[in-house]
Amino acid sequence: MTKIRIGVIGAGLIGRKHLRKLAEHSDYELVGIADVNAEQVAAEQPGARVFADCRKLLDEARPEAVIIASPNQLHAENGIACARAGIHILIEKPVTDSLQSAADLIAEIRKASIRTLVGHHRRHHTQVKTLKALLAQGRIGDVVGASAIWATHKPAAYFATAPWRSQAGGGPILINLIHEIDFLRFTVGEIVAVEAIATNRQRGFAVEDTAVALLEFESGALGTFFLSDCAVTPWTMEQGLGEAPEFPFSGESSYRIMGRRGAIEFPSLDQWTQAGDAQDWNRPIQAQANHAASIDPYVAQLDHFCDVIRGVAPSLQPVEDGARSLLVTLAIAEAATSGRRIDLRERYAALARGQVEQRTT
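Remember, predicted model here, so these are calculated numbers, not experimental data.

Our focus in this paragraph is the pattern of salt bridges. For the structure shown, the criterion picks out 27 salt bridges. As a salt-bridge pair, Arg185 and Asp182 come within 3.9 Å of each other at their nearest N and O atoms. With Arg185 and Asp182 both in helix α8 (residues 172-187) and 3 residues apart, this pair spans about one turn of that helix. A salt bridge links Arg261 to Asp277; its shortest N-O distance comes to 3.2 Å. Of this pair, Arg261 sits in the loop between β11 (255-259) and β12 (262-266) while Asp277 is found in the loop between β13 (271-274) and β14 (285-288), placing the two residues 16 residues apart along the sequence.

Written out as structure tokens, the structure reads:
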């Protein structure tokens, strides 16, 4: 089968990871890279065609598909350029930096009828797909609630190398929580309302270092999420899965999902139930192990993108869905500032219509 001609826009940290995976993938032919630091990238990627302007990549290399790994504020601009050229896109998360730019991108994608995939790579983990299947099978009955933690201590160098991280928009809500929100939407179900509290007490930066969110799911289940980038713990998805070498493996579960007939921890997938399907606090509760093989989610994501491009499979997450994860995360930041509960249903409908109300937090 003919290889898919693919380009990469943005050769930063995540862009380089995609380039490494593409080099080992037999279904793709890299035809070009676009990055403002063209000379440096050309030195790092010998043999590759490198362009300083993404439009030159599209016009001269003529890729069939593109991975967009540029800075968040350029995602919509780059995606729109690809859509107008009829080029399929895998766009890194967050899908854009605002709901208005997401709506603009969605409108262009619909006009062009291109195929899209958002790079929330965790959806491609075998463990995540196993959890989703176990919940769908009713293994713990109707889900009552979810309790989750993402807490780690970012070192001083993290802020020194990028001072914007200590300013509005640089905190863990907009940088880290979006991954967790997408995971919960994918496994537990759509989130329809949020509340939140945030504080900057520990570091004193202009942005939060710790936050708590309350979530209401469409099913009626409720959720709590504790988030902090200034606490030393083993409870993050990265540490629990061991998905990245920069986060040492802990193997600890940071999620607990509770149902009418049992509970599941994640990522361990330990399932807690009572014998005979009992529902009685006077009866013992026992753990049962569920197993799922570990895979490289970035390779699995490229496999899936190939199927999406060729029309073999529907996208696991088109841009329209990725924008909903952005919408929830932005609403949590807004709720933390306003101190009020935010119902999301009308916002989802407005996004689908392309009518986004501008809000400030």
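Now that the structure is up, let's keep going.
The next point concerns the packing of helix α6 (residues 126-136) against α8. Between α6 and α8, the least distance of the axes is 9 Å, while the angle of their chain directions is 40°. As far as their axial angle goes, α8 and α6 are oblique. Residue-level inspection shows Val128, Leu131, Lys132 and Leu135 of α6 in contact with α8, the latter providing Phe183, Phe186 and Thr187. Among the residues forming the contact of α6 with α8, the class breakdown is 5 nonpolar, 1 polar and 1 charged.

On to the nonpolar core. Of all hydrophobic cores here, the largest spans 73 residues; its most connected members are Val194 and Ile332. With 9 residues, helix α11 (residues 319-338) is the largest single contributor of residues to this core. Not counting residues within four places of it along the chain, the set of residues in contact with Val194 comprises Leu214, Leu215, Val328, Ala331, Ile332, Ala335, Arg340, Arg341, Ile342 and Leu344. Tyr28, Ile33, Val41 and Cys306 belong to the second largest nonpolar core, which has 17 residues in total.

Here we have 9 strands laid out as an open sheet, ordered β14-β13-β12-β11-β7-β10-β9-β8-β15, and mixed in their pairing. A single partner strand is all that each edge strand has here, and the edge strands are β14 and β15 (342-343). Of the strand pairs in this sheet, β13 and β14 are connected by 4 bridges, and their pairing is antiparallel. Bridge pairing in β14 places Trp272 opposite Ala287.

Turning our eyes to something else, we now look at the pairing of strand β10 (residues 222-228). Direction of pairing for strand β7 (residues 143-151) relative to β10: parallel, over a ladder of 7 bridges. Bridge pairing in β10 links Ala151 to Ser228. In this structure, strand β9 (residues 210-217) lies alongside β10, joined through 7 bridges in antiparallel fashion. Considered in β10, the bridge of Leu215 is made with Gly223. What sits between the antiparallel neighbours β9 and β10 is a turn of 4 residues, in which Gly220 has the positive phi angle 100°.

Rules used in this analysis
- Residues numbered from 1 in each chain as written.
- Predicted model: local features only at pLDDT ≥ 70, side-chain atom pairs only at ≥ 80, totals over all residues.
- Heavy atoms only, no water.
- Salt bridge = Lys/Arg side-chain N within 4 Å of Asp/Glu carboxyl O.
- Helix = DSSP H or I, 4+ residues; strand = E, 2+ residues; numbered from the N terminus.
- Axes fitted to C-alpha atoms, helices over the stretch in contact; angles between N-to-C directions.
- Parallel < 35°, antiparallel > 145°, perpendicular 65-115°, else oblique.
- Contact = heavy atoms within 4.5 Å.
- Nonpolar A, V, L, I, M, F, W, Y, C, P; charged D, E, K, R; others polar.
- Core = buried A, V, L, I, M, F, W, Y, C linked by side-chain atoms within 4.5 Å.
- Buried < 20%, exposed > 50% of the residue type's maximum accessible area, 1.4 Å probe, protein only.
- Pairing = 2+ DSSP bridges.

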